[in-house]
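An overview of the molecular structure
The residues making up each chain are set out below.
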Amino acid sequence: MELTVYLAGQIHDNWREEVQRKAEEKNLPLAFVGPQTNHDRSDNIGEDILGKQPGSVYKDDAASDINNFRTHVLMQKSDIVIALFGEKYKQWNTAMDASMAIAMNKPTIIVRPESLIHPLKELSNRANVTVETIDQAMDVLSYIFE
């Protein structure tokens, strides 16, 4: 049985590669999907498809429509969602994706540092599992296959 995991969270570092490497090390039959990690592609997709927009608000809105469509399709097809909250970057997209996963009844693992316990308490309460590290999230996934 192979499961598809949607990796929700910021796109500014290599945490997704870390998750994939750890899954390979554990020989877990997982496929991974997630948001567009090419920041320029994500920001410009609206104009790339629809053409030049009349201003930055319209450009952002067009890109948002297409990025949200992509996220919805890939999350809908996923079996599990891991939402990683870090301390370095703003986490608005992560919160939106985690909320969407929970509303879609997707089994959801939230990864968040201890410093974010309070601001994420309600979201964590709605997720299936909340952990503090990627290693803990991988252990939760490993347990599925025991």
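In short, a report on the structure.

What counts and how
Residues numbered from 1 in each chain as written. Predicted model: local features only at pLDDT ≥ 70, side-chain atom pairs only at ≥ 80, totals over all residues. Heavy atoms only, no water. Buried < 20%, exposed > 50% of the residue type's maximum accessible area, 1.4 Å probe, protein only. Helix = DSSP H or I, 4+ residues; strand = E, 2+ residues; numbered from the N terminus. Pairing = 2+ DSSP bridges. Right-handed = clockwise from strand over helix to strand, strands pointing away. Salt bridge = Lys/Arg side-chain N within 4 Å of Asp/Glu carboxyl O.

1. Some details on the pairing of strand β1 (residues 3–9)
Where a strand is regular, its side chains alternate between the two sheet faces. Burial analysis of β1 places seven of its seven residues in the buried class, which makes it a mostly covered element. Covered by surrounding structure in β1 are Leu-3, Val-5, Leu-7 and Gly-9 together with Thr-4, Tyr-6 and Ala-8, the residues of both alternating faces. By the bridge criterion, four bridges tie β1 to strand β2 (residues 30–33) in an arrangement that is parallel. When the bridges of β2 are listed, Tyr-6 appears paired with Val-33. Remark: the β1/helix α1 (residues 15–25)/β2 crossover connection has right-handed handedness.

2. Notes on the pattern of salt bridges
Here the structure, examined in full by the defined rule, presents eight salt bridges. Across the salt bridge formed by Glu-18 and Lys-22, the nearest N and O atoms sit 3.6 Å from each other. Here Lys-22 and Glu-18 lie together in helix α1, a separation of four residues that amounts to about one turn. Assessed through its relative accessible area of 27%, Glu-18 is described here as partly exposed. Between Arg-41 and Asp-48 there is a salt bridge, and its shortest N-O distance comes to 2.9 Å. Exposure remark for Arg-41: the relative accessible area of 38% places this residue in the partly exposed category.

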